[in-house]
Amino acid sequence: MGLAGVTADSIIARTIRQKGNGSMILLHDAGGDTREETVKALPAIIQYFKKNGYEFTTIADILDKKKIELMPVAKDEQSFWGKYYDIVVVGFFLGNRFFFYVFLTAIFLAIGRIILIGILATRQFADNKKIKNTARKLPPVSIVVPAYNEEVTAIKTIESLLKTEYPVFNIIFVDDGSKDNTYKAVSEAYAQHPQVKVLTKPNGGKASALNFGISHAVNEYVVCIDADTQLKTDAIYHLMTYFTDEQIGAVAGTVKVGNETNIVTKWQSIEYITAQNMDRRAFDIINSITVVPGAIGAFRKAAIFRAGGFTYDTLAEDCDLTMRILKEGYVIKNCAEAIAYTEAPETLSALLKQRFRWSFGVIQSFWKNRDALFNKKYSYFGMVGMPNILIFQIILPLFSPLADLIMILGLFGSHPEKMLIFYVAFLLIDFIVGAIAFRMEKEPYGKLVYLIPQRFIWRQLMYYILFKSIRKALKGELTTWGVLKRTGNVKVSKNTVVGNSNEPPE
């Protein structure tokens with residue numbers, strides 16, 4: 001008789017049919033659920049045979065032995081595994097439960113954040129009716145461009161800036177002691193240009209170059225961009241329309257990848273659209289934007305000075321300054337219409353180098369401004385913005401590799417469907433919010449085909465970067481802002497339109 005259909009009644013019936021075959025009845029099972037049915041059948045079997053005149057005895061009586069001889073008392077001495085068997089078994093059980101709940105916690109937190117970001121960003125997109133500034137004259141602006149070994153891109157950047165459609169502006173180019181021909185090339189091309197001021201100084205880092213340029217700016221407002229970046233001609237105009245009152249300390253622009261030449265840059269483009277730009281839209285609602293990007297950001301000069309300027313003790317000087325401006329009580333806005341095209345790293349090694357600097361710099365900035373964490377004095381920035389960095393950029397990513405491993409192991413467990421349901425739900429929600437981000441940015445939906453593989457491989461790369469950054473931070477090591485090899489492949493899309501915008505004046 002097979003395992004299927006084995007019940008206590010079937011065991012009783014089979015035993016009764018076999019009663020005449022001998023004086024010994026052997027009951028056995030195949031383990032699992034059938035063992036329980038055998039135990040249930042025993043009382044009925046014993047009662048039946050006693051009524052029919054059968055006598056029951058024990059193995060000890062048959063062998064003329066005492067029970068103590070057949071079942072001696074166990075000795076006190078136990079093997080190593082005997083002593084710690086319960087600890088090992090219970091520990092294994094609790095460990096499985098712990099890792100399972102780590103997986104669930106990681107998934108639910110990630111899903112919750114994605115949904116919240118999607119809701120806030122959608123609300124910001126719907127409410128972001130562009131403010132017309134016809135009632136006042138737009139103020140003069142100084143565009144500060146720090147550069148270190150940027151001879152490949154510097155000339156193109158200045159050329160694009162000179163095409164800016166804005167009433168009054170000037171460009172301050174700061175060479176930070178480059179070892180190549182950056183200063184020579186820019187000086188020869190623009191030293192005599194009435195709108196361009198070319199400066200050079202000993203190498204001191206990006207923060208030093210930015211402060212040097214800002215100190216030479218005579219205008220009340222400055223726009224800081226990277227030397228590998230090109231702006232749309234109306235970007236400055238859109239940025240400046242957001243300075244509607246004295247409380248606005250800075251405005252973050254929108255960064256896009258301008259050199260989608262291979263899979264590495266395509267994945268970065270997806271990240272800019274679905275993560276960085278989407279986050280800034282969402283946190284704009286609660287005044288908790290923690291990074292005005294170095295590629296494009298406008299500042300009230302008074303806010304920079306009040307916050308202490310760009311400092312040299314972090315690798316994310318833009319993140320650090322943004323946090324300090326928020327702590328001074330200023331409002332930081334997001335301008336989706338001001339678009340900058342940056343040159344993203346085109347090789348994996350260059351990407352890892354850049355992201356390590358970013359990750360390490362964010363950890364430094366968070367630690368430096370940790371007094372704002374859960375501090376009601378700083379409103380949403382202290383209660384939401386800083387916890388977001390702690391949980392989703394530092395703590396949760398540390399457990400994410402473990403969650404991925406548990407998910408894979410769970411597929412080989414007794415209930416793999418549970419893991420798959422949670423994980424598929426996460427991927428589906430992530431994809432939907434990603435599609436919403438593409439719609440907001442007016443990006444072609446065709447690029448979404450790269451989203452799923454990007455999520456799997458990209459996360460593993462970022463895990464590596466985060467672990468490396470934390471290790472370096474714990475060791476107290478520092479590094480320089482460095483330089484990436486440029487290709488000059490940035491192209492400005494003339495057809496990109498984002499949000500609700502008004503055309504700048506002629």
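The coordinates are above.
Residues numbered from 1 in each chain as written. Predicted model: local features only at pLDDT ≥ 70, side-chain atom pairs only at ≥ 80, totals over all residues. Heavy atoms only, no water.

Note on placement: K201 falls in strand β3 (residues 196–201). Among the polar contacts made by the side chain of K201, one reaches the side chain of D176 at a distance of 2.7 Å. Setting aside its immediate chain neighbours within four residues, K201 contacts V174, D175, D176, G177, S208, A209 and F212. (Helix = DSSP H or I, 4+ residues; strand = E, 2+ residues; numbered from the N terminus. Polar contact = N/O pair within 3.5 Å; in protein donor to acceptor, adjacent residues only side chain to side chain. Contact = heavy atoms within 4.5 Å.)

Turning next to the packing of helix α11 (residues 263–284) against helix α17 (residues 451–475). Running from N to C, α11 and α17 cross one another at 95 degrees; their axes reach a closest spacing of 10 Å. Taken together, the axes of α11 and α17 lie roughly perpendicular to each other. Here W267, Q268, I270, E271 and T274 of α11 lie close against α17, whose contacting residues are L451, P453, Q454, R455, I457 and W458. Looking at the contact of α11 with α17 residue by residue, the class counts come to six nonpolar, three polar and two charged. (Axes fitted to C-alpha atoms, helices over the stretch in contact; angles between N-to-C directions. Parallel < 35°, antiparallel > 145°, perpendicular 65-115°, else oblique. Nonpolar A, V, L, I, M, F, W, Y, C, P; charged D, E, K, R; others polar.)

In a regular helix each residue adds 1.5 Å, so 25 residues correspond to 36 Å; α17 covers 35 Å between its end C-alpha atoms and thus fits that length. By the burial criterion, the buried members of α17 are L451, Q454, R455, W458, R459, L461, Y463, I465, L466, S469, I470 and K472. (Expected span 1.5 Å × (residues − 1). Buried < 20%, exposed > 50% of the residue type's maximum accessible area, 1.4 Å probe, protein only.)

Here D64, not a glycine, exhibits a phi torsion of approximately 55 degrees, which is positive. One can find D64 in the loop between α3 (59–62) and α4 (67–70).

Among the structural elements, D279 can be located in helix α11. Residue classification places D279 among the buried positions, given a relative accessible area of 19%. Discounting residues that sit within four places of it in the chain, D279 has contacts with R113 and I117.

Let us now look at the packing of aromatic side chains. Per the counting criterion, the structure on display carries six aromatic pairs. Ring geometry for Y221 against F243: centres 4.8 Å apart, planes inclined by 55 degrees, an arrangement best described as tilted. With Y221 in strand β4 (residues 221–224) and F243 in the loop between α10 (235–240) and β6 (248–257), this residue pair connects regions lying 22 residues apart in the sequence. The same class applies to Y221 as to F243, namely buried. A centroid spacing of 5.7 Å and a plane angle of 5 degrees characterise the contact between F356 and F360, whose relative ring orientation is stacked. Taken together, the positions of F356 and F360, both in helix α14 (residues 348–368) and four residues apart, correspond to about one turn of that helix. Residue classification places F356 among the buried positions, given a relative accessible area of 9%. Aromatic rings pair up to connect Y48, F49 and Y54 into one cluster. (Phe/Tyr/Trp six-rings, centres within 6.5 Å; stacked < 30°, edge-to-face > 60°.)

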